[in-house]
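A structural walkthrough
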Amino acid sequence: MKTSLQEIARKARQNKRHRFTNLYGILNERFLIESWFELNRKSAPGFDRVTAKEYSENLRVNIKNLIVTLKEKRYRAGLVRRKDIPKGNGKTRSLGIPTTEDKLVQKGVVRILTAFFEQDFLSNSFGYRPNMGAGDAVQDVTINLQRKRFSYIVDADIKGFFDNIDHEWLIKMLEQRIDDKAFIRLMRKWLKAGILTPENLVLSPVTGTQQGGIVSPILANIYLHYVLDLWFEKMVKPRCEGEAYLCRYADDFIAAFRYARDAEKFYKVLGKRINKFGLEIAKDKTKIIKFTRFKKESGTCFEFLGFEFRWGVDRKGSDLIQGKTSRSKLGSSLKNFREWCKENI
């Protein structure tokens, strides 16, 4: 992390209420050149079809021109090219692909946001963070369930999370740490950027942030940090009679409780909590599961991040949390592999 970002991180760590000014000014030529070399320059181009290789042929000139538009407040977010990719079961997931120049500015903004919001994010949040991944979340769940006295799991799913993020709530959350109108204006431009569909129609989004955009993951993390993580830590846990635990990876999360009444109370208020912020629980995918080492014979299990968790025993007969690849995920992967073989071999 460069010196300016280190200083931002230090201030954020020392003062949890500090609001940063003049962040927009950090987006200078040197900073954007550094950001360029952190980009994935093999990623697909946006609607203008300008690749990273083509942009880099006149990199310094392009960045100088970009800096002028930023300084003169003439920068405009380009259309986001939408690409639908197979998700399994006949469904698709929509990805939004910004232009190469938008990716560059977004990368710079993400570096700045990461410097101070990383000081705020809680240790139970694992998705889209430096040096953290799904494997860390799976390990954390395994260790906590193994060592602590949890007996009930609330397995929850947020319906269309990325499509339903409320823009005004998100801006209010950003302003908890940012006192820079020009910097906030950048975020608004990306949130409101038109979406170019495969049918060449242009859509104007009212809610949501496009998966595939470089800035989207950290904005999603910021949103759920305030909607879920802090609420669970400050409001839910202190009101529980027994131990309580939350693990979140992006918009996937599970909550564990020692007592059934705590799990039931959380289940009842969870929907109301996220409804306040424009989100909705998928009722058909959200449930309370009795998950205890004393009922191993029932074969009760739950899925999280593509793994299936259940209680078992090790070779010595001791209780052990067993995690293996989810049967549904494995079946989907095998089906996709067979289809790929038919087309490519």
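Residues numbered from 1 in each chain as written. Predicted model: local features only at pLDDT ≥ 70, side-chain atom pairs only at ≥ 80, totals over all residues. Heavy atoms only, no water.

**Considering the nonpolar core**
A general feature of soluble globular proteins is that nonpolar side chains tend to end up buried together. Residues Leu113, Phe116, Leu174 and Phe257 are the most contacted members of the largest nonpolar core, which totals 76 residues. Residue contributions to this core peak at twelve residues, all from helix H10 (residues 216–236). Ignoring anything within four residues of it in the chain, the contact list for Phe257 reads Phe150, Ser151, Tyr152, Val154, Phe232, Val236, Cys240, Glu243, Ala244, Asp262, Ala263 and Phe266. Grouped together as the second largest cluster of nonpolar side chains are 20 residues, Val138, Phe150, Trp311 and Ile321 included. (Core = buried A, V, L, I, M, F, W, Y, C linked by side-chain atoms within 4.5 Å. Buried < 20%, exposed > 50% of the residue type's maximum accessible area, 1.4 Å probe, protein only. Helix = DSSP H or I, 4+ residues; strand = E, 2+ residues; numbered from the N terminus. Contact = heavy atoms within 4.5 Å.)

**So, the state of the cysteines**
Scanning the model with the defined rule gives zero disulfides in all. Free of any disulfide, Cys247 has its nearest neighbouring cysteine sulfur in Cys240, separated by 17 Å. With no disulfide of its own, Cys301 lies 18 Å from the sulfur of Cys247, the closest cysteine sulfur. The exposure class of Cys301 is partly exposed, given its relative accessible area of 25%. (Disulfide = S-S within 2.5 Å.)

**Observations concerning the pairing of strand S9 (residues 301–304)**
Side chains Phe302 and Phe304 of S9 all project onto a buried face; the interleaved residues Cys301 and Glu303 project onto a face where none is buried. Note that S9 and strand S10 (residues 307–313) share four bridges and pair antiparallel. Across the sheet, residue Phe302 finds its bridge partner in S10, namely Phe309. (Pairing = 2+ DSSP bridges.)

**Quick notes on the sheet that holds strand S11 (residues 319–325)**
Taken together, three strands build an open sheet; the order of strands is S9-S10-S11 and the sheet is antiparallel. The open sheet has two edge strands, S9 and S11, and neither has a second partner. Mean inter-strand twist for the sheet, computed between neighbouring axes without regard to direction, equals 35 degrees. Helix-sheet contacts for helix H6 (residues 134–147) involve S9, S10 and S11, and the interaxial angle to S10 is about 30 degrees. (Axes fitted to C-alpha atoms, helices over the stretch in contact; angles between N-to-C directions.)

**Section: the environment of Leu186**
Looking at the element boundaries, Leu186 is found in helix H9 (residues 181–192). Its relative accessible area of 2% is what places Leu186 among the buried residues. Expressed as a C-alpha distance, the spacing of Leu186 and Phe266, which sit 80 residues apart in the sequence, is 36 Å. The residues contacting Leu186, other than those within four sequence positions of it, are Tyr24, Leu27, Leu70, Tyr75, Val105 and Val109.

**What about the confidence of the model for the protein?**
Close inspection of predicted coordinates is inappropriate in any region flagged by low pLDDT. Per-chain confidence: the protein averages 90 in pLDDT, with 92% of residues scoring 70 or above. Below pLDDT 50 for its whole length, residues 336–345 participates in one contact with residues either more than four positions away or in separate chains. (pLDDT = per-residue confidence, 0-100.)

**Considerations on the packing of aromatic side chains**
Applying the stated criterion to the full structure yields 16 aromatic pairs. Through a chain of ring-to-ring contacts, the aromatic side chains of Phe20, Phe116, Phe117 and Phe121 assemble into a single cluster. Its end group placed over the ring of Phe31, Arg111 keeps NZ or CZ at 4.2 Å from the ring centre. Between the NZ or CZ atom of Lys172 and the centre of the ring of Trp169, over which it lies, the distance is 4.9 Å. (Phe/Tyr/Trp six-rings, centres within 6.5 Å; stacked < 30°, edge-to-face > 60°. Lys NZ or Arg CZ within 6 Å of the ring centre and 35° of its normal.)

**Here we look at the side chain of Arg177**
Mapping Arg177 onto the fold places it in the loop between helix H8 (167–174) and H9. A polar contact is formed between the side chain of Arg177 and the backbone oxygen of Ala12, at a distance of 2.9 Å. A polar atom in the side chain of Arg177 sits 2.9 Å from the backbone oxygen of His18. Among all residues touching Arg177, those that are not within four sequence positions of it are Ala12, Asn15, Lys16, Arg17, His18, Arg19, Phe20, Phe116, Phe117 and Asp120. (Polar contact = N/O pair within 3.5 Å; in protein donor to acceptor, adjacent residues only side chain to side chain.)

**So, the environment of Asp166**
Residue placement: Asp166 occurs in the loop between helix H7 (161–164) and H8. Exposure remark for Asp166: the relative accessible area of 24% places this residue in the partly exposed category. Along the chain, Asp166 and Val206 lie 40 residues apart, while their C-alpha atoms are 8.2 Å from each other. Not counting residues up to four positions away in its chain, the partners in contact with Asp166 are Tyr223 and Phe277.

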